[in-house]
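# Results of the structural survey
For reference, the chains in residue letters:
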Amino acid sequence: MTFEYELKLTERSNPSSDDPSRTFYWPPPTGASSFLSPFGPDLGTVGAANVLNVDLVRLAVLVLAADRSSLRRVGSTNWSSRDFSLIIPVSDKNIWDAASDEVEQLLGFLTGDNWELSFRTTPPAGERIRPSSDMPRPARVVLMSGGADSALGVLESRLKLSADQSHILVSHLGLTTLSPIQRRVAEQAESLAPGPLQELNQVRLTRKRYQVDGSKFQSETSTRSRSFLFLALGLAYASVHDVPLWIPENGFASLNPPLASNRRGSLSTRTTHPAFIEGLSEILSQVGAQAEIVNPFAGMTKGQMFRSAADRVGEGKASQFLSATHSCGLTGQRSKGVPPTLQCGVCFGCVVRRASFKAAGIVDATPYATADPSDELQKWLDKNSVIPDMRGFVRRGVTNRDLLALGLPKSYPIWQARDLCDRGVEELRGVVG
């Protein structure tokens, strides 16, 4: 079965001639829309972005909408591979047609699905373009999710800036509950490294629960493509100023080694994987879009990142800063009577976080759901815990077969991957045994 979807830029309030089950609408600020978005398809409120980076955001929006609306047939440990056929409106179809094969392969690497892309040239929607601000030209744009890695990326960026420089932070809001966490991270980083100016952009761009005709979308929860949209948005902001984009992530999680033989990865994103970053940069350079993507922590484990921060700002301040971040990858806590911002303590993100605090010798003041769970909550935690798989992974270690399956680009030596994975495994051993 092939899932066929199209993105249309339309102001029609009743697009009745289209099939609502396969057509998504993203109009200028007014009009019937399939998305919650702070801007229209020209990204006018972002500024004078490179039109090819605007095209990339449109592609990423449709990829995420298709991914979310197409259910997988099996559970999370043995995913099915779906077939997608997408039609995307862009500024020049000829440019993107020439790169379509490479983009399809890259999306397949990211999600594990098969993608077939078609492009159609579409005129601009005619949005008003945001004028430049009075802030000094930023040195870079930094993606900030509210997690510990991105928080350390913000801090690292500020520490590298002089007092008369600036940077731009871009956050993508999947859950609105993360908004205050992101703002707090930005404020605390500013306090720890005062001086440089910064601008925070919190973008909530997501598919709605209901289509424009009132029908309810299906919702697949395993959306690995959300981080692709996050990355595309960051590049759009970076293109306004022609500066690099930082996407901070510890190198161990970026490599995404499989926890067990029946998993294709650790359940973390593959958007920061060296092959994905290198492949996307090459494609964007080829088409003429903003393409410089930097992971400042590519060679470090999370524990090493935590220790480095503690050495620079002090253990107490580092503990307070990092404990206020949010690394949990699970949702559904609210149904068990706990706040959605309470981190579970047993998902991949939480366990790596706990191991990193311990490896760095820093106090972990994070509230976890595992601290005092009810019987019902404990059952939910046991069901969703990755600790059994992680314990087996640590006992087994990263094998040669695992390393060969990582899909590393030729520019990344396999010995370097082994060294990084061994360091990451050693940190996990401190928590899961």
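In this report, we go over the structure that sits alongside the text. Everything quoted here is computed from the prediction, not taken from an experiment.

## Re the nonpolar core
In terms of nonpolar packing, the biggest core is built from 67 residues, with Val57, Leu86, Leu205, Phe228 and Leu280 touching the most fellow members. If one sorts the elements of this core by residue count, helix 1 (residues 51–69) sits on top with 12 residues. Sequence-distant contacts of leucine 86, that is, excluding residues within four places in its chain, are made with Tyr5, Leu62, Val63, Ala66, Trp115, Glu116, Leu117 and Ser118. Grouped together as the second largest cluster of nonpolar side chains are 36 residues, Leu330, Phe348, Ala369 and Met390 included.

## So, the packing of aromatic side chains
One pass over the full model with this rule turns up 9 aromatic pairs. When the ring of phenylalanine 24 is compared with that of phenylalanine 217, the centres are 5.4 Å apart and the planes differ by 20°; the resulting orientation is stacked. Taken together, the positions of phenylalanine 24 in strand 2 (residues 23–25) and phenylalanine 217 in the loop between strand 9 (206–207) and helix 6 (226–241) put the pair 193 residues apart, joining distant regions of the chain. Classification of phenylalanine 217 as buried rests on a relative accessible area of 10%. When the ring of phenylalanine 228 is compared with that of phenylalanine 276, the centres are 6.1 Å apart and the planes differ by 85°; the resulting orientation is edge-to-face. Here phenylalanine 228, found in helix 6, pairs with phenylalanine 276, found in helix 8 (residues 274–287); they are 48 residues apart in sequence, far enough to count as distant. Taken together, the aromatic side chains of Tyr5, Phe24, Trp26, Phe35 and Phe217 make up a single cluster linked through ring pairs.

## Here's the deal with unusual backbone geometry
The backbone phi angle of leucine 43 is positive, close to 55°, even though this residue is not glycine. The phi angle at aspartate 242 is positive, at roughly 55°, despite the residue not being glycine. The residue aspartate 242 is located in the loop between helix 6 and strand 10 (245–246) in this model.

## With respect to the sheet that holds strand 6 (residues 141–143)
Read across the open sheet, the 5 strands follow the order 8-7-6-10-11; overall the sheet is parallel. The sheet is open, and its two borders are formed by strand 8 (197–203) and strand 11 (293–294), each paired with just one other strand. Inspection of the sheet shows strand 7 (residues 166–172) paired to strand 8 by 7 bridges, in the parallel sense. What sits directly across from leucine 169, in strand 8, is leucine 200. Packed onto the sheet, helix 5 (residues 179–192) meets strand 7 and strand 8 and runs at close to 170° relative to strand 8.

## Things to note about empty space enclosed by the protein
Tallied over the entire structure, the rule returns 3 cavities of 30 Å³ or more. In this model, the largest cavity occupies a volume close to 60 Å³. Secondary structure elements with two or more residues in the lining of the largest cavity: helix 1, helix 3 (100–111) and helix 8. Here the element with the most residues in the lining of the largest cavity is helix 8; it accounts for 4 residues.

## Examining the sheet that holds strand 1 (residues 2–8)
Remark on secondary structure: sheet strands pair via backbone hydrogen bonds, oriented parallel or antiparallel. A sheet is described by the order of its strands in space; here 4 strands give the open sequence 2-1-4-5, paired in parallel fashion. Each of the sheet's edge strands pairs with one partner strand only, and the pair in question is strand 2 and strand 5 (114–121). Taking each pair of neighbouring strands and ignoring which way they run, the sheet shows an average axis angle of 20°. As paired elements, strand 1 and strand 2 share 3 bridges and run parallel to each other. Bridged to leucine 7 within strand 2 is phenylalanine 24. Those strands touched by helix 1 are strand 1, strand 2, strand 4 (83–90) and strand 5, and its axis lies near 150° from that of strand 4.

## So, the side chain of glutamine 182
With respect to the element layout, glutamine 182 can be found in helix 5. By relative accessible area, glutamine 182 is classed as buried at 0%. With sequence-adjacent residues up to four places away left out, glutamine 182 is seen in contact with Met144, Ser145, Gly146, Ser171, His172, Leu173, Leu200 and Gln202.

## Digging into the packing of helix 9 (residues 302–313) against helix 10 (residues 315–323)
In the contact formed by helix 9 and helix 10, the axes pass within 7 Å of each other and the chain directions differ by 130°. By the criterion of interaxial angle, the relationship of helix 9 to helix 10 is oblique. Of the two elements, helix 9 crosses helix 10, and the hand of that crossing is right-handed. Here Phe306, Arg307, Ala309, Ala310 and Val313 of helix 9 lie close against helix 10, whose contacting residues are Glu315, Lys317, Ala318 and Leu322. Looking at the contact of helix 9 with helix 10, its residues break down into 6 nonpolar, no polar and 3 charged.

## Looking at the pattern of salt bridges
When the charged atoms of two side chains lie near each other, side chains of opposite charge can form a pair. Applying the stated criterion to the full structure yields 17 salt bridges. For the salt bridge of aspartate 18 with lysine 8, the shortest nitrogen-to-oxygen distance reads 2.8 Å. In this pair, aspartate 18 is assigned in the loop between strand 1 and strand 2 and lysine 8 in strand 1, connecting sequence segments 10 residues apart. The two residues aspartate 18 and lysine 8 agree in class, both being buried. Its salt-bridge partner being aspartate 419, residue arginine 423 comes within 2.9 Å of it at the nearest N-O pair. One end of the pair is arginine 423 and the other is aspartate 419, both in helix 15 (residues 414–432) and 4 residues apart, which spans about a single turn.

Cut-offs used in this document
Residues numbered from 1 in each chain as written. Predicted model: local features only at pLDDT ≥ 70, side-chain atom pairs only at ≥ 80, totals over all residues. Heavy atoms only, no water. Core = buried A, V, L, I, M, F, W, Y, C linked by side-chain atoms within 4.5 Å. Buried < 20%, exposed > 50% of the residue type's maximum accessible area, 1.4 Å probe, protein only. Helix = DSSP H or I, 4+ residues; strand = E, 2+ residues; numbered from the N terminus. Contact = heavy atoms within 4.5 Å. Phe/Tyr/Trp six-rings, centres within 6.5 Å; stacked < 30°, edge-to-face > 60°. Pairing = 2+ DSSP bridges. Axes fitted to C-alpha atoms, helices over the stretch in contact; angles between N-to-C directions. 1 Å grid on protein atoms, 1.4 Å probe; cavity = no way out; pocket = protein on both sides within 12 Å on 5 of 7 lines; lining within 4 Å. Points joined across faces, edges and corners; volume = space filled by probe spheres on them. Parallel < 35°, antiparallel > 145°, perpendicular 65-115°, else oblique. Left-handed = near helix turned anticlockwise from the far one by under 90°. Nonpolar A, V, L, I, M, F, W, Y, C, P; charged D, E, K, R; others polar. Salt bridge = Lys/Arg side-chain N within 4 Å of Asp/Glu carboxyl O.

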